[in-house]
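The chain contents come next:
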Amino acid sequence: MRRIYRILVAGAMVLLSMTGKAQDRALISSSSIDDYLSWKSLWLGSRNPAATGEFRAVSDSAHLSEAVAYGDYESGSFRSPYDPESLLKGRMEARSIMNAGKAVLRGSFGYGYENGQKSRWRGLNNPSETPFMLADSIPGSISNEKYSMMAAVSVPLEGKWSFGIETGYDVSLMAKHVDLRNKNTRMDFRLAPGLRWTSGPVSIGAALDYSRYTEKIEYMQVDQSTEKYLFEFSGAWAGRSIGFSSAETSRMMTGQRIGGELEVALSFGNGWSLYNEFYYGYRGNSQGETGYNGLRHGDSRSAVLNDNLYLVFGQQSRLGLHVSDSPMFGYRFIQRQELDPASGIRRYVTYGSPVPCYVRKDMDFGVSYELRPVSGKWEYYAAVNVGKLEEKAYE
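The paragraphs below set out a description of the structure included in this document. Everything quoted here is computed from the prediction, not taken from an experiment.

Regarding the overall build of the chain
Phase 1: Secondary structure summary: the chain contains 3 helices and 18 strands in total.
Phase 2: In terms of overall dimensions, the chain has C-alpha extents of about 70 × 45 × 40 Å along its principal axes.
Phase 3: Split into buried and exposed, the 395 residues of the chain put 40% on the buried side.
Phase 4: Contacts in the chain between residues far apart in sequence, at least 24 positions, make up 66% of those at least 6 positions apart.
Phase 5: About 20900 Å² of surface is accessible on the chain, with carbon and sulfur atoms providing 60% of the total.

Next comes the structure, spelled out in structure tokens:
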């Protein structure tokens, strides 16, 4: 059993408006901005930054701001093998959305810190995004600092159109403090433009989402009195152990994501509406040695398909259908080290096409129902989810 304890350290939301309704204030007092806005309109929870302008239509407030800090403690045996036996983490975040002339601005900044005990097999910030990973089996303490920032703007165009753009930047600094010690530095930049068209009861939106990320992985050994071993995985826990023979080993993972989302909403009147968002994305990343020796450890390619359909009953309840499919494929390379006559340096040369070595199929289907009475004292949520996960590795 994995026990999770969450403590809300401090939270506050400020409503700056001369015309705000009492009902809105009651909802705001018990919800975060993102949660509150997504209940006012599902458009405000989408990936489309042009929909940020919906804030002007659904909110009686000109400016909402929030600052929150919270902490979690987790422990127990029922956990992912990448998670530590116990984990203490905290986060502080500030969010805001406001009208600025004809535009609507939205932004956030956050800082988080995690400290885990008896951590093993954690060679990447997100081990599930690629089958290729260096890891070690010796338990030790691990820390992770995370910084995140986001800014978005939506402006009306001529006629029934609106345009929006969002940018974000995340940094993660993870380190293990027992040999073998890995230090991971990850940076992720995002850019997302979007358009939205509205005419009477019909609204249609489309957005693109591009992200580029890098993660540098450095392993080192402080105590040289005993030999340590690294495990080189290539998916589904298939791999080999290698002796750690140098003072430092480093890799670089580089990748990018690109995707698009299409949203359609239809209002039937009397608080009834239908909303659907369909997203398809592609991600590819590659791992290689840092430096100039040309050694490539593996590439992965994955796709993400999500579709969420909601039937909304006013501001109080909604019924949702959710479908997702996210296959992943891993490839290794046939390489040989050869002498470069021009530089006199031995480099790895790749022969032939990449060789498939890993396949993962991950599909989910779910149904959910949410109810929020006008009083705002209680919230009800029920969901049924069915998933299927298959992994296969080839040596």
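Quick word on the packing of aromatic side chains
Phase 1: Taken as a whole and judged by the stated rule, the model has 9 aromatic pairs.
Phase 2: Between the aromatic rings of W43 and Y275, the centroid separation amounts to 5.5 Å while the plane-to-plane angle is 75°, which identifies the pairing as edge-to-face. Here W43, found in the loop between helix 2 (33–40) and helix 3 (54–58), pairs with Y275, found in strand 13 (residues 272–289); they are 232 residues apart in sequence, far enough to count as distant. The same class applies to W43 and to Y275, which are both buried.
Phase 3: Taken together, the aromatic side chains of Y82, W121, F231, F233 and W237 make up a single cluster linked through ring pairs.
Phase 4: The ring of W43 is capped by R196, whose NZ or CZ atom sits 4.3 Å from the centre of that ring.
Phase 5: Sitting above the plane of the F333 ring, R296 keeps its charged end 3.9 Å from the centroid.

A few points about helix 2
Phase 1: Within helix 2, 6 of the 8 residues are buried, leaving the element largely enclosed by the surrounding structure.
Phase 2: Taken as a whole, helix 2 has its buried residues at I33, Y36, L37, S38, W39 and K40.

Brief notes about the layout of surface pockets
Phase 1: Reported here for the largest pocket is a volume of approximately 640 Å³.
Phase 2: Lining the largest pocket are 29 residues, with S46, S108, M150, E166 and R190 positioned closest to its centre.
Phase 3: For the lining of the largest pocket, the secondary structure elements donating two or more residues are helix 2, strand 3 (86–100), strand 4 (103–119), strand 6 (140–156), strand 7 (161–176) and strand 8 (181–199).
Phase 4: Volume-wise, the second largest pocket comes out at about 490 Å³.

Overview of the side chain of E261
Phase 1: Of note, E261 is situated in strand 12 (residues 248–269).
Phase 2: For E261, a relative accessible area of 5% gives the class buried.
Phase 3: A distance of 3.1 Å separates polar atoms of two side chains, one belonging to E261 and the other to R47.

Things to note about the environment of R120
Phase 1: Examined against the element boundaries, R120 turns out to sit in the loop between strand 4 and strand 5 (132–135).
Phase 2: Setting aside residues no more than four positions away along its own chain, R120 makes contact with P81, Y82, D136, S137, I138 and P139.

A look at empty space enclosed by the protein
Phase 1: Tallied over the entire structure, the rule returns 1 cavity of 30 Å³ or more.
Phase 2: Approximately 30 Å³ is the volume attributed to the largest cavity.
Phase 3: Across the lining of the largest cavity, the residue classes tally to 2 nonpolar, 2 polar and 4 charged.

Comments concerning the pairing of strand 11 (residues 239–243)
Phase 1: Two strands pair when backbone bridges link them, and strand 10 (residues 229–234) and strand 11 are joined in this way by 5 bridges, in the antiparallel orientation. Bridge pairing in strand 11 places F231 opposite S241.
Phase 2: Connecting strand 10 to the antiparallel partner strand 11 that follows it, the hairpin turn spans 4 residues, and G235 within it adopts a positive phi of roughly 110°.

Regarding the nonpolar core
Phase 1: Formed by 13 residues in total, the largest nonpolar core has its most connected members in L124, A135, L180, Y219, L230 and F244.
Phase 2: Of all the secondary-structure elements, those providing two or more residues to this core are strand 5, strand 9 (202–220) and strand 10.

Details of the sheet that holds strand 10
Phase 1: Across the sheet, which stays open at both edges, the 3 strands sit in the order 5-10-11 with antiparallel pairing between neighbours. What marks the edges here is a single partner per strand, and that holds for strand 5 and strand 11. Neighbouring strand axes in the sheet, compared pairwise and without regard to direction, differ in orientation by 20° on average.

What counts, and at which threshold
Residues numbered from 1 in each chain as written. Predicted model: local features only at pLDDT ≥ 70, side-chain atom pairs only at ≥ 80, totals over all residues. Heavy atoms only, no water. Helix = DSSP H or I, 4+ residues; strand = E, 2+ residues; numbered from the N terminus. Buried < 20%, exposed > 50% of the residue type's maximum accessible area, 1.4 Å probe, protein only. Contact = heavy atoms within 4.5 Å. Areas by Shrake-Rupley, 256 points an atom, 1.4 Å probe, with all protein chains shown as cover. Phe/Tyr/Trp six-rings, centres within 6.5 Å; stacked < 30°, edge-to-face > 60°. Lys NZ or Arg CZ within 6 Å of the ring centre and 35° of its normal. 1 Å grid on protein atoms, 1.4 Å probe; cavity = no way out; pocket = protein on both sides within 12 Å on 5 of 7 lines; lining within 4 Å. Points joined across faces, edges and corners; volume = space filled by probe spheres on them. Polar contact = N/O pair within 3.5 Å; in protein donor to acceptor, adjacent residues only side chain to side chain. Nonpolar A, V, L, I, M, F, W, Y, C, P; charged D, E, K, R; others polar. Pairing = 2+ DSSP bridges. Core = buried A, V, L, I, M, F, W, Y, C linked by side-chain atoms within 4.5 Å. Axes fitted to C-alpha atoms, helices over the stretch in contact; angles between N-to-C directions.

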